[in-house]
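Coordinates in review
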Amino acid sequence: MCSNFFKNGSKKQNLAREIFSFCIIFILLTYLIIGVLGYFSSIFILSLFSNYLELVKLSSQYIKIFMIFAPLLCLSFAMNNYLRACGKINILCIWV
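Residues numbered from 1 in each chain as written. Predicted model: local features only at pLDDT ≥ 70, side-chain atom pairs only at ≥ 80, totals over all residues. Heavy atoms only, no water.

Looking now at the overall build of the chain. Counting its regular elements, the chain contains five helices and zero strands. Order of helices (α) and strands (β) in the chain, N terminus to C terminus: α-α-α-α-α. The buried share of the chain, reckoned over its 96 residues, is 24%. Put simply, of all contacts in the chain between residues at least 6 apart along the chain, 54% involve residues at least 24 apart. Accessible surface, the chain as shown: approximately 7,400 Å² in total, 71% of it carbon and sulfur. (Helix = DSSP H or I, 4+ residues; strand = E, 2+ residues; numbered from the N terminus. Buried < 20%, exposed > 50% of the residue type's maximum accessible area, 1.4 Å probe, protein only. Contact = heavy atoms within 4.5 Å. Areas by Shrake-Rupley, 256 points an atom, 1.4 Å probe, with all protein chains shown as cover.)

Next up, the structure:
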């Protein structure tokens, strides 16, 4: 999608800022829905896939930790694309 608007380093910073702002809002709203649902219903969802109680408990702990930090992962990808669109490759290497 982003490649339709600008090429890497084309320095269309205003367009990149608008898309980045939309992406940040979209990431946070999506996380509120999926993250909260995944965090609180992880045991139920995992019990549909396995009957082993110990495996479900361990997997649930993993999913809960992942759901807490998932927004940071998504935001880092958005920041990576924004810096690439602005042509700030030097900052990109430090950020990633």
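Right, let's talk about the environment of Leu32 for a bit. With respect to the element layout, Leu32 can be found in helix H2 (residues 13-40). Leu32 gets classed as exposed once you look at its relative accessible area, which sits at 53%.

Another aspect to go through is the packing of H2 against helix H4 (residues 53-86). Taken N-terminus to C-terminus, the directions of H2 and H4 make an angle of 170°; their axes are 10 Å apart at the nearest point. With respect to H4, the element H2 is oriented roughly antiparallel. Contacts between H2 and H4 pair Gln13, Ala16, Arg17, Phe20, Ile24, Ile27, Tyr31, Ile34, Gly35, Gly38 and Tyr39 from the former with Ile63, Lys64, Met67, Ile68, Pro71, Cys74, Leu75, Ala78, Met79, Tyr82, Ala85 and Cys86 from the latter. Of the residues in the contact of H2 with H4, the class split is 18 nonpolar, three polar and two charged. (Axes fitted to C-alpha atoms, helices over the stretch in contact; angles between N-to-C directions. Parallel < 35°, antiparallel > 145°, perpendicular 65-115°, else oblique. Nonpolar A, V, L, I, M, F, W, Y, C, P; charged D, E, K, R; others polar.)

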